Amino acid sequence: MTAVDERAVVFTCQGHELLGIVASPAQGPVHRVGVVVVVGGPQYRAGSHRHFTLLCRHLASLGVASLRFDYRGSGDSGGPALIGVEGAEADIRAATDSLMRAQPQLQGVVLWGLCGAASASALYAPDDKRVLGLVMLNPWVRTEEGLAKTRLKHYYLERLGDRDFWGRMARGEVALASSLRALGANLLQATGLGAARSDGAPALEETQPKPRRVASVGSLPERMLASLNLTGLPTLVILSGQADLTANEFRELVGSSPAWQRWLALHQVQRHDIEDSNHTFSRADWRDRVNELTTLWVLGL
């Protein structure tokens, strides 16, 4: 491993100044592909448990340049806060521009994102030929029906075999009526009889439509798959363990969709599950595993 150089950069996005940190090897060659870390949800450039900072330093120590940055209106960047990650196309493009200026020898970039940022990266990729690959951790693919199916399988059914649950039931510690109502609502959603809208999570709210080379209609998973098939990019998918709802939603989607199964079976797509890890890979050994998988995969491009 080599020493790491970290430098703050300020770049503009639609008239607002954004702050980023470029990490690169202090000496020696730089790999031809850099990494832009796309932030998801309410995070800023350091990431949960400083994961983004540690990831970028690890990449740089092995010769890979990267940029982690704050969206407009978050962290130390100016401008109004974004409505949601799907409105971050301009920010991702500006960040890619900034990294390519800072490291002009780069031939392109990989977009790396967790949860909603993974989904935003997949949707953005067809619009930028400089994107040469994607790393998607626990991609956000939520729909009401998908969420209901996942809850039924990984929450309600598992509780039936939980001795502690039945003990709490016998002691009157479980609100039976409300639990039954929730179960009924999930059954309706899982069978497609409930409301057919996507879950309005803050990380992926709808924004004003923008021109794309892929369809702008359909559910989030449908639009993501259309983008992924259009680009045909090398993609690394990393999933948390069974305790993570978002990872389980992705597993359930893949399990029920031949189209998603065909995409995952492509030779340029790799999948790794880090068993027992939580959604943000909060433990050091989980983060280290993510960093190792990412670096080896990027160096192979």
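Residues numbered from 1 in each chain as written. Predicted model: local features only at pLDDT ≥ 70, side-chain atom pairs only at ≥ 80, totals over all residues. Heavy atoms only, no water.

Novice: For the overall build of the protein, give the residues involved together with the corresponding values.
Specialist: For the protein, the count of helices and strands is 10 helices and 8 strands. Split into buried and exposed, the 301 residues of the protein put 51% on the buried side. Contacts in the protein between residues at least 24 apart in sequence constitute 71% of all its contacts with a sequence separation of at least 6. On the protein, roughly 13,700 Å² of surface is accessible, and the fraction owed to carbon and sulfur atoms is 54%. (Helix = DSSP H or I, 4+ residues; strand = E, 2+ residues; numbered from the N terminus. Buried < 20%, exposed > 50% of the residue type's maximum accessible area, 1.4 Å probe, protein only. Contact = heavy atoms within 4.5 Å. Areas by Shrake-Rupley, 256 points an atom, 1.4 Å probe, with all protein chains shown as cover.)

Novice: Go over the pattern of salt bridges with me, naming the residues and quoting the values.
Specialist: Evaluated as defined, the whole model comprises 13 salt bridges. One salt bridge connects Glu6 with Arg57, and the closest N-O pair in it is separated by 3.1 Å. With Glu6 in strand S1 (residues 4-13) and Arg57 in helix H1 (residues 51-61), this residue pair connects regions lying 51 residues apart in the sequence. Look at Arg57 and you get partly exposed, because its relative accessible area is 34%. With a shortest N-O distance of 3.4 Å, Glu6 and Arg68 are connected by a salt bridge. (Salt bridge = Lys/Arg side-chain N within 4 Å of Asp/Glu carboxyl O.)

Novice: Quick rundown of the packing of H1 against helix H10 (residues 284-299)? Include the residues and the values.
Specialist: Direction vectors running N to C along H1 and H10 enclose 40°, while the axes themselves pass 10 Å from each other. When the axes of H1 and H10 are compared, the pair comes out oblique. Our pair here, H1 against H10, has a crossing hand that is right-handed. Where H1 approaches H10, its residues His51, Leu54, Leu55, His58 and Leu59 are matched on the opposing element by Arg287, Val290, Asn291, Glu292, Thr294 and Thr295. Partitioning the contact of H1 with H10 into residue classes produces 4 nonpolar, 5 polar and 2 charged. (Axes fitted to C-alpha atoms, helices over the stretch in contact; angles between N-to-C directions. Parallel < 35°, antiparallel > 145°, perpendicular 65-115°, else oblique. Left-handed = near helix turned anticlockwise from the far one by under 90°. Nonpolar A, V, L, I, M, F, W, Y, C, P; charged D, E, K, R; others polar.)

Novice: Quick one: what's the story with the nonpolar core, residue by residue and with numbers?
Specialist: In terms of nonpolar packing, the biggest core is built from 71 residues, with Leu111, Trp112, Leu134, Ile238, Trp260 and Trp263 touching the most fellow members. Not counting residues up to four positions away in its chain, the partners in contact with Leu111 are Val36, Val38, Ile92, Thr96, Ser121, Tyr124, Val131, Gly133, Leu134 and Val135. (Core = buried A, V, L, I, M, F, W, Y, C linked by side-chain atoms within 4.5 Å.)

Novice: Summarise the side chain of Ser277; cite the residues concerned and give the values.
Specialist: Its location among the elements puts Ser277 in the loop between strand S8 (269-273) and H10. Residue classification places Ser277 among the buried residues on the basis of a relative accessible area of 0%. In this structure the side chain of Ser277 is engaged in a polar contact, spanning 2.6 Å, whose partner is the backbone oxygen of Ile274. When near neighbours in sequence (up to four residues on either side) are disregarded, Ser277 contacts Leu239, Ser240, Gly241 and Trp286. (Polar contact = N/O pair within 3.5 Å; in protein donor to acceptor, adjacent residues only side chain to side chain.)

Novice: A description of H10 should follow, citing residues and the corresponding values.
Specialist: When the terminal C-alpha atoms of H10 are compared, their 22 Å separation across 16 residues agrees well with the 22 Å that a helix rising 1.5 Å per residue should span. All of the buried residues in H10 are Trp286, Arg287, Val290, Asn291, Leu293, Thr294, Thr295, Trp297 and Val298. On its buried side, H10 packs onto strand S3 (33-38), H1, strand S5 (108-114), strand S6 (131-137), strand S7 (235-239) and S8. (Expected span 1.5 Å × (residues − 1).)

Novice: Lay out the sheet that holds S6 in plain terms, naming residues and giving numbers.
Specialist: Across the sheet, which stays open at both edges, the 8 strands sit in the order S1-S2-S4-S3-S5-S6-S7-S8 with mixed pairing between neighbours. Among the strands making up the open sheet, the edge pair consists of S1 and S8. Mean inter-strand twist for the sheet, computed between neighbouring axes without regard to direction, equals 20°. Of the strand pairs in this sheet, S5 and S6 are connected by 6 bridges, and their pairing is parallel. By the bridge assignment, Val110 is partnered in S6 with Gly133. Along the sheet, H1 contacts S1, strand S2 (16-25), S3, strand S4 (66-69) and S5; its crossing angle with S4, the most-contacted strand, is approximately 165°. Running over the sheet, helix H8 (residues 245-256) touches S7 and S8 and is turned about 125° from S7. (Pairing = 2+ DSSP bridges.)

Novice: Which residues make up the pairing of S6, and what are the values?
Specialist: Within S6, 6 of the 7 residues are buried, leaving the element largely enclosed by the surrounding structure. The β-α-β motif built from S5, the intervening helix H3 (residues 116-124) and the parallel element S6 has right-handed crossover chirality. Here S6 pairs with S7 via 4 bridges, running parallel. If you follow Leu134 over to S7, its bridge partner there is Thr235. (Right-handed = clockwise from strand over helix to strand, strands pointing away.)

Novice: For the pairing of S4, give the residues involved together with the corresponding values.
Specialist: Across the two faces of S4 the burial is the same, with Ser66 and Arg68 and Leu67 and Phe69 all buried. With 4 bridges joining them, S2 and S4 adopt antiparallel strand pairing. Following the sheet pairing, Ile21 is matched in S4 by Arg68. Two strands pair when backbone bridges link them, and S3 and S4 are joined in this way by 3 bridges, in the parallel orientation. Each residue of the ladder has a partner; that of Val35, found in S4, is Ser66.

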